[in-house]
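Below are the chains, spelled out letter by letter.
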Number of protein chains: 2
Amino acid sequence: MENFRFYVPTDIRFGKDQLDALHDSVAQFGNNVLFIYGGGSIKKSGLYDQVLAQLAGLNVTELSGVEPNPRIESVREAVKLSHENNIDVILAVGGGSVIDAAKVAAAGAKYEGDAWDLVKDASKVGEALPLVDILTLSATGTEMNRNAVITNFDTNEKLGTTGWNLIPAVSFLNPENTFTVSKWQTAAGSADIMSHLFEQYFDRAEGTDIQDFVAEGILKTVIKNAPIAMQDPTNYDARANLMWASSLALNGLTGKGKKNGWTVHPIEHELSAYYDITHGAGLAALTPRWMEFALDATTVDKFAQYGENVWGIKNDDKMKTAKEAILATHDFFASLDIPMTLQGLGIEEDTKFAEMAAEAVRIDALDKNAYAKMTPADVEALYRATSEEFSIDL
Amino acid sequence: MENFRFYVPTDIRFGKDQLDALHDSVAQFGNNVLFIYGGGSIKKSGLYDQVLAQLAGLNVTELSGVEPNPRIESVREAVKLSHENNIDVILAVGGGSVIDAAKVAAAGAKYEGDAWDLVKDASKVGEALPLVDILTLSATGTEMNRNAVITNFDTNEKLGTTGWNLIPAVSFLNPENTFTVSKWQTAAGSADIMSHLFEQYFDRAEGTDIQDFVAEGILKTVIKNAPIAMQDPTNYDARANLMWASSLALNGLTGKGKKNGWTVHPIEHELSAYYDITHGAGLAALTPRWMEFALDATTVDKFAQYGENVWGIKNDDKMKTAKEAILATHDFFASLDIPMTLQGLGIEEDTKFAEMAAEAVRIDALDKNAYAKMTPADVEALYRATSEEFSIDL
């Protein structure tokens with residue numbers, strides 16, 4: 001097991017009827033509040049009105065319209081509003097995109113230069129405004145970690161940044177706020193959660209039973225509950241399990257103590273940055289092909305462990321178990337109605353694959369740090385493989 | 001799933017060579033440090049000298065000799081020293097006993113009356129001195145939660161208390177500091193960790209897949225690594241897995257969202273309070289008998305789930321799986337050389353069982369809140385069953 005620091009001071013308020021604590025959670029940091037949200041869904045659901053009622057007596061500046069794959073322009077706008085209104089605290093209400101934009105804005109408000117600097121270079125992230133959030137989509141885990149992902153469509157860059165001060169101070173997690181999440185977003189969010197777990201689970205660190213067995217437990221949670229939530233969108237317990245899984249999948253619980261050479265996320269980020277597709281769906285399509293690429297004599301034990309402990313597959317032949325587990329992964333995502341090819345996701349052309357592959361390898365050093373090292377040619381081949389129907393020889 | 005608040009702001013420094021951060025971790029709270037530890041083992045291991053070197057330049061008051069099943073007298077002494085020396089911060093170096101005594105002392109130093117009040121009535125726990133700790137025994141989980149257990153041998157009471165301000169600010173978790181832990185303490189500590197998980201796992205809350213699957217993962221971690229650590233005491237990864245399991249088993253991860261009607265702990269606390277036995281060993285001996293008591297038509301599904309997911313037992317008959325799981329639990333503890341009867345633990349008499357049973361039921365309302373409700377007669381029968389060799393009809 002690798003050394004680690006685990007410091008996750010977010011105050012999680014989980015469940016129904018927690019919002020009475022919102023006023024004090026925000027007001028403890030001051031009276032000038034920047035209230036950031038996305039589209040109109042929180043107005044339709046009534047959450048918007050509940051939030052404003054809680055913020056009565058405070059000076060509220062609103063910024064709406066933060067988009068999926070949140071853009072640096074939204075962050076810059078939030079920074080500008082923070083300066084103009086002498087903002088003390090940011091309240092973000094929405095999914096990972098809204099919260100990520102709010103995080104970088106919180107740091108941007110305390111930074112002299114352009115907020116995009118903070119995305120390009122996490123070492124520039126210093127002080128930040130305090131952040132409170134109300135989560136409405138179970139997916140990225142941003143509600144309980146210090147990470148944010150921002151897109152710059154001018155440069156076709158989708159990059160992650162991080163900082164100790166970016167972690168939310170208080171996160172309100174009410175599963176009821178996800179009852180109206182569509183089947184498509186429920187499926188994509190569940191794939192995102194699972195992908196976070198895969199990135200940490202398939203890792204070269206040794207002696208990490210607790211991280212691995214816990215990750216297997218969270219994977220099983222998603223595999224059991226995502227189909228229930230899709231069939232029965234107001235099933236509280238299914239939504240609750242997905243929501244808490246979202247937070248626990250990427251708060252360090254399964255990653256601290258590991259080496260953390262992530263692969264599928266950087267490869268997907270190129271797809272989102274060039275084609276603005278739904279992140280979780282891109283991850284789902286790429287994952288089984290990546291697993292096939294990564295499976296070899298040095299990794300078969302781990303893939304077989306995954307098959308046995310997560311999918312209950314038992315064979316005398318570990319390679320067979322591993323391959324059946326990869327097929328089970330593919331078929332699970334397909335059962336959530338995620339199109340499992342790039343064409344299905346609306347990406348018809350392939351002329352940019354070489355450029356995207358080179359970027360992915362460069363940004364996250366996939367040729368050096370990945371669980372299964374990848375050259376640009378390997379990544380380009382992965383994009384091409386994801387353009388074909390999936391098959392695996394059992 | 002039940003509503004919950006999850007707020008665990010302890011800064012965990014896990015691994016080798018983390019102690020360079022000790023000075024700043026302590027000094028951030030002030031210059032006057034109360035350094036609390038147990039017996040001489042930290043002097044033998046060299047940890048004592050390392051700590052003093054780190055505390056150079058600070059005003060250090062020492063309190064040694066905190067005992068297992070820590071006594072209120074030690075807490076009172078620590079409170080007295082805190083007042084006399086105008087203490088700013090407490091540094092506890094040891095196992096759960098030392099840290100628990102330090103926690104109640106930290107609150108006692110800010111409380112007008114006798115520290116025992118804070119144990120009898122958790123609602124009186126208010127402000128507390130900040131606490132930093134270095135853990136040397138993987139067992140209680142106190143290093144990452146707000147709980148403490150203190151014994152008063154004048155009144156034969158062993159009681160738990162809790163408070164939001166009792167959570168350690170910084171915990172240093174170096175698995176190497178547990179290399180010298182004896183086989184006996186390794187076994188008892190592992191049983192304690194498993195018992196925490198059982199208390200939270202066997203619960204009447206519904207829809208708690210994530211808590212349950214995660215608990216199963218931590219149980220598997222202990223079952224795999226405890227025997228390794230006993231055979232090979234300096235096996236770093238085995239010690240690391242047990243240490244992180246200790247923290248994660250009782251920091252809310254598997255209990256938040258549950259109803260939390262604990263049973264075996266209060267029943268064991270009576271044994272410790274009257275006979276001063278090793279807490280974890282008492283838990284181990286009681287647990288399989290309690291499981292047999294709790295197993296019925298309303299709980300068989302959960303016990304079968306436990307058998308399947310933790311022990312890999314598969315039968316068409318769930319009751320058979322459940323019983324085999326209980327036997328596996330007994331045999332596992334026995335394989336760690338824990339005496340599995342009260343006689344083996346040195347308790348020969350039985351004249352106090354009725355009184356102890358009445359106390360256990362009263363203190364934790366076992367007749368109302370437990371997973372399987374227990375009357376005083378049930379608890380007394382459990383003590384008597386634990387006086388016989390274990391057997392179960394499969």
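- Per an unreviewed UniProt entry, chain A goes by the name Iron-containing alcohol dehydrogenase and belongs to Periweissella cryptocerci.

Comments concerning the pairing of strand E6 (residues 147-152) of chain B
Link 1 in the chain: Where E6(B) meets strand E7 (residues 157-162) of chain B, six bridges bridge the pair, whose relative direction is antiparallel. If you follow B:Ala148 over to E7(B), its bridge partner there is B:Thr161.

Brief notes about the packing of aromatic side chains
Residue and element names in this part refer to chain A.
Link 1 in the chain: The full count for this structure, using the stated rule, is 44 aromatic pairs over all chains.
Link 2 in the chain: For the ring pair tyrosine 7 and tryptophan 164, a centre distance of 6.4 Å and an interplane angle of 35° mean the geometry is tilted. With tyrosine 7 in strand E1 (residues 4-14) and tryptophan 164 in the loop between strand E7 (157-162) and strand E8 (170-173), this pair connects stretches of sequence that are 157 residues apart.
Link 3 in the chain: Classification of tryptophan 164 as partly exposed rests on a relative accessible area of 39%.
Link 4 in the chain: With 6.3 Å between their ring centres and 50° between their planes, tryptophan 290 and phenylalanine 303 make a pair best called tilted. In this pair, tryptophan 290 sits in helix H11 (residues 279-294) while phenylalanine 303 sits in helix H12 (residues 300-311), placing the two residues 13 residues apart along the sequence. Of the two residues, tryptophan 290 and phenylalanine 303, neither departs from the other in class, the shared state being buried.

As for the UniProt feature "domain: Alcohol dehydrogenase iron-type/glycerol dehydrogenase GldA" (unreviewed entry) in chain A
Link 1 in the chain: Within this structure's numbering, the places UniProt gives as "domain: Alcohol dehydrogenase iron-type/glycerol dehydrogenase GldA" (unreviewed entry) are residues 9-175 of chain A.
Link 2 in the chain: Spanning residues 9-175 of chain A, this segment combines 30% helix with 26% strand, and its end C-alpha atoms are found 21 Å apart.

A look at the UniProt feature "domain: Fe-containing alcohol dehydrogenase-like C-terminal" (unreviewed entry) in chain A
Link 1 in the chain: As annotated by UniProt and renumbered to match this structure, "domain: Fe-containing alcohol dehydrogenase-like C-terminal" (unreviewed entry) occupies residues 186-385 of chain A.
Link 2 in the chain: The span residues 186-385 of chain A is 66% helix and 0% strand, and its two end C-alpha atoms sit 25 Å from each other.

Some details on the interface of chain A and chain B
Reports of interface size often rely on the accessible area that becomes lost once the parts have come together.
Link 1 in the chain: With 41 residues of chain A in contact, the opposing surface of chain B contributes 41 residues.
Link 2 in the chain: Of the roughly 3,500 Å² buried between chain A and chain B, counting both surfaces, carbon and sulfur atoms make up 57%.
Link 3 in the chain: Among the residues of chain A in contact with chain B, A:Phe4, A:Ile210 and A:Trp244 are the three that bury the most area, contributing 17% of the side total.
Link 4 in the chain: The interface formed by chain A and chain B contains four salt bridges.
Link 5 in the chain: For B:Asp11, the salt bridge identified is with A:Arg5, shortest N-O distance 2.6 Å.
Link 6 in the chain: Between the two partners, chain A and chain B, sit 20 residue pairs in polar contact (both at pLDDT 80 or more).
Link 7 in the chain: Of all the secondary-structure elements, those providing two or more residues to the side of chain A that touches chain B are E1, helix H8 (209-231) and helix H9 (236-248) of chain A.

Brief notes about the packing of helix H10 (residues 264-275) of chain A against helix H14 (residues 353-364) of chain A
Residues and elements named next belong to chain A.
Link 1 in the chain: Axis separation between H10 and H14 bottoms out at 9 Å; the angle between their running directions is 130°. When the axes of H10 and H14 are compared, the pair comes out oblique. Once H10 is placed against H14, the crossing between them reads as right-handed. Judged by residue contacts, Pro266, Ile267, Glu270, Leu271, Tyr274 and Tyr275 of H10 engage Phe353, Glu355, Met356, Glu359, Ala360, Ile363 and Asp364 from H14.
Link 2 in the chain: Here the residues of the contact of H10 with H14 are counted per class, giving nine nonpolar, no polar and four charged.

With respect to unusual backbone geometry
All names here are of chain A.
Link 1 in the chain: Unusually for a residue other than glycine, asparagine 86 sits at a positive phi of about 50°.
Link 2 in the chain: Locating asparagine 86 in the fold gives a position in the loop between helix H4 (72-84) and strand E4 (89-94).
Link 3 in the chain: The class for asparagine 86 is exposed, based on a relative accessible area of 56%.
Link 4 in the chain: Even without being glycine, aspartate 276 reaches a positive phi, approximately 55°.

Quick notes on the sheet that holds E4(A)
To summarise the sheet geometry, strands pair through backbone hydrogen bonds and adopt either a parallel or an antiparallel arrangement.
Link 1 in the chain: The twelve strands are arranged E3(A)-E2(A)-E4(A)-E5(A)-E8(A)-E1(A)-E1(B)-E8(B)-E5(B)-E4(B)-E2(B)-E3(B) in an open sheet whose pairing can be described as mixed. Each having just a single partner strand, strand E3 (59-63) of chain A together with strand E3 (59-63) of chain B make up the two edges of the open sheet. Between one strand axis and the next, the sheet turns by 25° as a mean value, whatever way the strands run.
Link 2 in the chain: Sheet topology places strand E5 (residues 131-135) of chain A next to E8(A); three bridges connect them, and they run parallel. The partner of A:Val132 across the bridge, within E8(A), is A:Val170.

Some words on the side chain of A:Thr263
Link 1 in the chain: By the secondary structure assignment, A:Thr263 is in the loop between H9 and H10.
Link 2 in the chain: A:Thr263 gets classed as buried once you look at its relative accessible area, which sits at 1%.

Details of the pattern of salt bridges
Link 1 in the chain: In this structure the tally under the stated criterion is 32 salt bridges over all chains.
Link 2 in the chain: For the salt bridge of A:Asp276 with A:Arg71, the shortest nitrogen-to-oxygen distance reads 3.3 Å. Here the residue A:Asp276 occupies a position in the loop between H10 and H11, and A:Arg71 occupies one in the loop between E3 and H4, the gap between them amounting to 205 residues.
Link 3 in the chain: Relative accessible area serves as the criterion here: at 35%, A:Asp276 is assigned to the partly exposed category.
Link 4 in the chain: Note that A:Arg384 is salt-bridged to A:Glu380, the shortest N-O span being 2.9 Å. One end of the pair is A:Arg384 and the other is A:Glu380, both in helix H15 (residues 376-385) and four residues apart, which spans about a single turn.
Link 5 in the chain: Note on A:Arg384: relative accessible area 33%, which makes it partly exposed.
Link 6 in the chain: Under the relative-accessibility criterion, A:Glu380 is labelled partly exposed at 22%.
Link 7 in the chain: Connected through salt bridges with shared partners, the residues A:Arg5, B:Asp11 and B:Arg13 form a single ionic network.

Reading guide: rules and limits
- Residues numbered from 1 in each chain as written.
- Chains lettered and ligands numbered in written order.
- Predicted model: local features only at pLDDT ≥ 70, side-chain atom pairs only at ≥ 80, totals over all residues.
- Heavy atoms only, no water.
- Pairing = 2+ DSSP bridges.
- Helix = DSSP H or I, 4+ residues; strand = E, 2+ residues; numbered from the N terminus.
- Phe/Tyr/Trp six-rings, centres within 6.5 Å; stacked < 30°, edge-to-face > 60°.
- Buried < 20%, exposed > 50% of the residue type's maximum accessible area, 1.4 Å probe, protein only.
- UniProt positions renumbered as here; feature names shortened; annotations may be inferred.
- Contact = heavy atoms within 4.5 Å.
- Buried area = accessible area lost by both parts, 1.4 Å probe.
- Salt bridge = Lys/Arg side-chain N within 4 Å of Asp/Glu carboxyl O.
- Polar contact = N/O pair within 3.5 Å; in protein donor to acceptor, adjacent residues only side chain to side chain.
- Axes fitted to C-alpha atoms, helices over the stretch in contact; angles between N-to-C directions.
- Parallel < 35°, antiparallel > 145°, perpendicular 65-115°, else oblique.
- Left-handed = near helix turned anticlockwise from the far one by under 90°.
- Nonpolar A, V, L, I, M, F, W, Y, C, P; charged D, E, K, R; others polar.

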